[in-house]
Amino acid sequence: MDLSISSPLCGPSPAAPAPAPTSTLILYPKSQIFRSFNPRNSYLSNPLLSRRYFPIRAQVSDPAVDDGFVIDDVPHLTTFLPDLPSYPNPLQNSQAYAIVKQTFVRPEDVVAQKIVVQRDSSRGKHFLRAGPREKVYFTSEEVRACIVTCGGLCPGINTVIREIVCGLNYMYGVNDILGIQGGYRGFYSKNTLTLTPKVVNDIHKRGGTFLLTSRGGHDTQKIVDNIQDRGINQVYIIGGDGTQRGAARIFEEVEKRGLKVAVAGIPKTIDNDIAVIDKSFGFDTAVEEAQRAINAAHVEVESVENGIGIVKLMGRYSGFIAMFATLASRDVDCCLIPESPFYLEGKGGLFEFIEERLKENGHIVIVVAEGAGQEYLAQSMQGIDEKDASGNRLLLDVGLWLTQNIKDHFTKERKMAINMKYIDPTYMIRAIPSNASDNIYCTLLAQSAVHGAMAGYTGFTVGPVNSRHAYIPISHVTETQNTVKLTDRMWARLLASTNQPSFLNCDESRGGKVCKDTIDLINNMKITSI
Ligand SMILES: Nc1ncnc2c1ncn2[C@@H]1O[C@H](COP(=O)(O)OP(=O)(O)O)[C@@H](O)[C@H]1O
Ligand SMILES: O=P(O)(O)OC[C@H]1O[C@](O)(COP(=O)(O)O)[C@@H](O)[C@@H]1O
Ligand SMILES: [Mg+2]
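Residues numbered from 1 in each chain as written. Chains lettered and ligands numbered in written order. Predicted model: local features only at pLDDT ≥ 70, side-chain atom pairs only at ≥ 80, totals over all residues. Heavy atoms only, no water.

Chemist: Sorry, what's going on with unusual backbone geometry here?
Modeler: Comment: phi is negative for the bulk of residues other than glycine, and the bulk of peptide bonds are trans. In this structure, N466 is a non-glycine residue whose phi angle is positive, near 55 degrees. With respect to the helices and strands, N466 occurs in the loop between β15 (460-465) and β16 (468-473). A relative accessible area of 23% places N466 in the partly exposed class. Positioned with a positive phi, N499 is a non-glycine residue whose angle comes to about 60 degrees. Looking at the secondary structure, you find N499 in the loop between α16 (489-498) and α17 (512-528). (Helix = DSSP H or I, 4+ residues; strand = E, 2+ residues; numbered from the N terminus. Buried < 20%, exposed > 50% of the residue type's maximum accessible area, 1.4 Å probe, protein only.)

Chemist: Help me understand the site of ligand 1, please; the structure alone is not making it clear to me.
Modeler: Not every one of the 18 residues close to ligand 1 is listed here, only the nearest: R215, G216, D241, T243 and S390. Contacts to ligand 1 include G240, whose backbone N or O atom sits 2.9 Å from an oxygen atom. At a separation of 2.6 Å, an oxygen atom of ligand 1 approaches a polar side-chain atom of S390. For ligand 1, the accessible surface in isolation is 550 Å², of which the surrounding protein chains cover 84%. Residues that form the shell around ligand 1 fall into these classes: two nonpolar, twelve polar and four charged. (Near = heavy atom within 4 Å. Polar contact = N/O pair within 3.5 Å; in protein donor to acceptor, adjacent residues only side chain to side chain. Areas by Shrake-Rupley, 256 points an atom, 1.4 Å probe, with all protein chains shown as cover. Nonpolar A, V, L, I, M, F, W, Y, C, P; charged D, E, K, R; others polar.)

Chemist: How should I be thinking about the sheet that holds strand β11 (residues 307-313) in this particular structure?
Modeler: Whenever strands of a sheet pair, they do so through backbone hydrogen bonds, lying parallel or antiparallel. Taking strand neighbours across the sheet as the criterion, the four strands line up as β12-β13-β11-β14 in an open arrangement whose pairing is parallel. On the outer flanks of this sheet lie β12 (334-336) and β14 (419-423), each paired with one strand and no other. Each strand of the sheet is rotated relative to its neighbour by a mean of 15 degrees, with strand direction disregarded. Where β12 meets strand β13 (residues 363-369), three bridges bridge the pair, whose relative direction is parallel. Each residue of the ladder has a partner; that of L336, found in β13, is V368. Helix α13 (residues 398-413) contacts β11, β12, β13 and β14 of the sheet and is inclined by roughly 165 degrees relative to β11. (Pairing = 2+ DSSP bridges. Axes fitted to C-alpha atoms, helices over the stretch in contact; angles between N-to-C directions. Contact = heavy atoms within 4.5 Å.)

It is worth stressing that arrangement in space is one thing and function is another; only the former is reported here.
Spelled out as structure tokens, the structure:
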């Protein structure tokens, strides 16, 4: 007799999703796997290793060894400059590394993209493990490096700048490092700054970017002309998804011209929207800072009758800050993010939920990501389609819109007196210095980038994958955007913690279209996610 009872979490479940395809490699087209594959890096010359480390799906006919092991290799300068000389890594004489068990990362060390596996699952995609290599492709005297920061601010940018400068100087004896001012356009429109450990010594204690930043102004030809004219041979580019796309263009042009220039991207984004990596630097600091705004909203609304607090947080297309700030706080009743469309009126809508909470607790706190409900807003506000200098769509103010709609609903329709408190801490959460753990994270990113460039890798981005730092081809991180997956457990944890509506219960008269879009979105995710 089966005595098992089903978990209350199961509930009446929707139709089971179609089983995921058994071969995950379908998602990794061969062209992508081979695009940057470089035999020199991948030990093809060693017959014992070659079967294992070559993208074997295409190469090995024996199905017994076809375990789906794939390396997403990053480009190397020797891919287009095969005769480049290499040198012993000066770190081998470094006092700091004197008693380290394994100073240099073994070339066969890779980081698995998929960490939760099944006994019979394909081994999947792997990235090169970041860290110092035995051989470098630059002498200390030869290096002329530059650093540029682009896009919006984020806590920790100055720490990354500082640690690139100090890493290059202390670990590799590099003395020639230039700061490009004001983003990409600074390459061709501004004088450079000379960066030394002394110049950058204190900058990690400040928010913002010591080098200034900008949006727009990416002109690949002019930038690479300038790199060439100034004799720069290592380019460190700190920025978000737009910046990384720009870095990919620079790398392609450098490769086309056959220049000995290593291009390294360091992913920066407050929105945590960069794919592949675990988390972007400064994100934790921003979530922590957001707590202050949420606390203030909670204190305010708790102290009045029918208090409604709204806190608007950053998050253009990805609601990670709002989601994590909500989960961390426990004072938030409802979190609205761009990935999960919501509606106001009727059963299962926001107004109904607010009224319930006011009856129950006398107050409510709502956290809304700036990109939430944009489609809905555009419908009712005759949305204007403006873009910033980088081509990012300018968002309509969901916070003000929400505030006004809630006020109108309760005072005019429901004839209820409410106390509305709207807090918009937008720039405050990103214009601060990074916290201690982000500082450490920034240091690792900077040092990994330096080791990678010195080792001759190029066209790569650094970042943690399952907590291990890896080199990822730039093109790989720009292909998709990291967004909150409504079908993942994290969003379920949030719903379980706030007990807010999921906004899936809809009909045509109550924003049914928005709701249908969500269901389509979720169904789509179920099919594509593994
Ligand atoms: N597709 C692209 N190709 C080349 N450069 C780009 C591209 N998208 C954005 N950029 C450049 O990258 C820089 C930063 O982009 P932006 O979207 O503002 O910030 P972020 O990098 O933080 O996402 C800008 O100078 C912009 O011109
Ligand atoms: O007003 P700005 O400086 O253009 O920045 C606003 C945008 O920058 C961000 O903070 C981060 O965006 P990026 O990572 O693309 O720079 C977004 O959350 C926000 O919409
Ligand atoms: Mg961006």
